[in-house]
Amino acid sequence: MATLADPQPDFATLPEMAADVFTAPLARPAHVGDDWLEPQQTDYTADDHGVWDDLFARQMEVLPGRACSAFMAGLDKLDLSRGGIPEFGKLSEELGALTGWSVVPVPMLIPDHVFFWHLANRRFPAGNFIRTRETFDYIEEPDVFHDVFGHVPMLTDPTYADYMQEYGRAGWKAMRYNRLKALGALYWYTVEFGLIEEAGSVRAYGAGILSGPTEARFAVEAASPNRIMLNVDRVMRTDYVISDLQPTYFVIESFADLYRQTVERDFDRLYRSLPAGFTYANSAVIDVDNVLHRGTQEYHLRGGRGSGAVPV
Ligand SMILES: [Fe+2]
């Protein structure tokens, strides 16, 4: 059966891109090669480590009871509470022993095909820099706190770790079909902003939720956003916002369910039927939805970020 990822190139070395596939022309800094990897992690200052510790402490006030158990267990397994920005070599040793993943430093957002290639090889590219105290609450590009605190603990879960690898392999196929936007929506609504049913309620497993205090509360318990059971066909047709809290979150039953719905799916058929653009607005509730909570959308109707609206 055709699946999310096949036919696959050999991912041992960075595969050649087909000539007719477009990727965003990012300017590569002179000191990194085709793999976009930094030769080494930044030498952080004492204040950089202090920023990490303060961000960490703030999240730990919010996440118990809101983050899924796999994430909380991952924090423990990797001993991320030991203080300071983790050293990627040591972190990779510990993570590698658990699920075979490693964490590698990159200077900034990297091209899609290079990102996919690293994931396909169970390498998680993490931003090298850390935000400043001036940008403590909101950053445009993912930094080491978002990437390592938000994403890496989840990679200790074996099923989730497999999903991420398959997602990387799948990226190459989406590029061939020119459907990166649709696959990007799947990433957005799972890896970045996913919720999971747990202990009779919903908890967060998406890094975009887990790495910020406001969204952690909003996603899990506010009245505004919709909470809808994940349906891959629907999610890949759904627009998303990158600069504000989400009007809708999608919920999975389990990581095995996420794996089944995506990796074991005939994506050739899906890509052939997908329109080039998005069909559904990010706040829409449609007939096929299995709705856990129909949001009031009060926060977004009052103007969202920048308007002073309270995220309720
Ligand atoms: Fe992220």
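Values in this document were obtained by computation on a predicted structure and should not be read as measured data.

Here is what the cut-offs are and how they apply
- Residues numbered from 1 in each chain as written.
- Predicted model: local features only at pLDDT ≥ 70, side-chain atom pairs only at ≥ 80, totals over all residues.
- Heavy atoms only, no water.
- Donors = N, O, S within 2.8 Å, 3.2 Å for Na, K, Ca; no water.
- Helix = DSSP H or I, 4+ residues; strand = E, 2+ residues; numbered from the N terminus.
- Buried < 20%, exposed > 50% of the residue type's maximum accessible area, 1.4 Å probe, protein only.
- Salt bridge = Lys/Arg side-chain N within 4 Å of Asp/Glu carboxyl O.
- Contact = heavy atoms within 4.5 Å.
- Polar contact = N/O pair within 3.5 Å; in protein donor to acceptor, adjacent residues only side chain to side chain.
- Phe/Tyr/Trp six-rings, centres within 6.5 Å; stacked < 30°, edge-to-face > 60°.
- Lys NZ or Arg CZ within 6 Å of the ring centre and 35° of its normal.
- Pairing = 2+ DSSP bridges.
- Axes fitted to C-alpha atoms, helices over the stretch in contact; angles between N-to-C directions.

Caption draft 1: How the structure looks around the coordination of the iron ion. The protein atoms donating to the iron ion are His146 (NE2), His151 (NE2) and Glu192 (OE), with metal-donor distances spanning 1.9 to 2.1 Å. Positions of the donor residues of the iron ion along the chain correspond to the pattern H-x4-H-x40-E. Note that His146 is positioned in helix 5 (residues 144–151) and Glu192 in helix 7 (residues 180–192), a separation of 46 residues in sequence. This pair shows no difference in class: His146 is buried, exactly as Glu192 is.

Caption draft 2: Representation of the pattern of salt bridges within the structure. By the definition in use, this model includes 17 salt bridges. A salt bridge links Arg133 to Asp54; the shortest N-O distance between them is 2.9 Å. Of the two residues, Arg133 is situated in the loop between strand 2 (123–127) and helix 5 and Asp54 in helix 1 (residues 46–62); the sequence distance between them amounts to 79 residues. Residue Glu198 is joined to Arg203 by a salt bridge in which the shortest nitrogen-to-oxygen separation is 3.8 Å. Within this structure, Asp79, Arg82, Lys90 and Glu94 form a network of salt bridges that share partners.

Caption draft 3: A look at the environment of Arg66. Mapped onto the secondary structure, Arg66 falls in the loop between helix 1 and helix 2 (69–77). Between the alpha carbons of Arg66 and Glu198 there is a distance of 9.9 Å; along the sequence they are 132 residues apart. If we skip the residues at most four places from it in the chain, Arg66 touches Arg203, Ala204, Ala216, Arg217, Val220 and Glu221. In terms of polar contacts, Arg66 uses its side chain to reach the side chain of Glu221, at 2.7 Å.

Caption draft 4: Structural detail: the packing of aromatic side chains. Inspection of the entire model under this criterion finds 22 aromatic pairs. Seen from their ring centres, Trp52 and Phe145 are 5.1 Å apart, and the 75 degrees between their planes marks the pair as edge-to-face. With a gap of 93 residues between them, Trp52 in helix 1 and Phe145 in helix 5 connect regions that are remote in the sequence. Looking at Phe145, the relative accessible area reads 0%, which means it is buried. Judged by centre distance (6.1 Å) and plane angle (50 degrees), the ring pair of Tyr160 and Tyr163 falls under tilted. One end of the pair is Tyr160 and the other is Tyr163, both in helix 6 (residues 158–176) and three residues apart, which spans about a single turn. Using a relative accessible area of 2% as the deciding quantity, one classes Tyr160 as buried. Residue classification places Tyr163 among the buried residues on the basis of a relative accessible area of 1%. Taken together, the aromatic side chains of Trp188, Tyr189, Phe193, Tyr240, Phe250 and Phe278 make up a single cluster linked through ring pairs. In this structure, Arg123 is placed above the aromatic ring of Trp117, and the distance from its NZ or CZ to the ring centre is 4.6 Å.

Caption draft 5: Expanded view of helix 5. Within helix 5, eight of the eight residues are buried, which leaves the element mostly enclosed by the surrounding structure. Along helix 5, the residues that are buried comprise Val144, Phe145, His146, Asp147, Val148, Phe149, Gly150 and His151.

Caption draft 6: Examining the pairing of strand 5 (residues 226–229) more closely. Across the two faces of strand 5 the burial is the same, with Asn226 and Ile228 and Arg227 and Met229 all buried. Relative to strand 6 (residues 248–252), strand 5 is paired through four bridges, and the arrangement is parallel. Residue Ile228 lies in a different strand from strand 6, and its bridge partner there is Phe250. Inspection of the sheet shows strand 5 paired to strand 7 (residues 291–293) by two bridges, in the antiparallel sense. Looking at strand 7, one finds that Ile228 is bridged to Val291.

Caption draft 7: Highlighting the side chain of His118. Position of His118 relative to the elements: it lies in helix 4 (residues 112–120). For His118, a relative accessible area of 0% gives the class buried. Not counting residues up to four positions away in its chain, the partners in contact with His118 are Asp35, Leu37, Ile110, Arg123 and Pro125.

Caption draft 8: Spatial organisation of unusual backbone geometry. One non-glycine residue, Asn178, lies in the positive phi region at around 55 degrees. With respect to the secondary-structure elements, Asn178 resides in the loop between helix 6 and helix 7. A residue is classified by how much of its surface remains accessible, and Asn178, at 61% relative accessible area, is exposed.

Caption draft 9: Region of the structure containing the sheet that holds strand 3 (residues 195–198). Pairing is mixed in the open sheet, where five strands are placed in the order 4-3-6-5-7. Two strands close off the open sheet at either side, each with one partner strand: strand 4 (201–204) and strand 7. Averaged over all neighbouring strand pairs, the angle between strand axes comes to 40 degrees, with direction disregarded. Bridge count between strand 3 and strand 6: two bridges; the pairing is parallel. Bridging from a neighbouring strand, Leu195 pairs with Val251 of strand 6. Where helix 9 (residues 213–221) meets the sheet, its contacts fall on strand 3, strand 4, strand 5 and strand 6, and the angle it forms with strand 5 comes to roughly 65 degrees.

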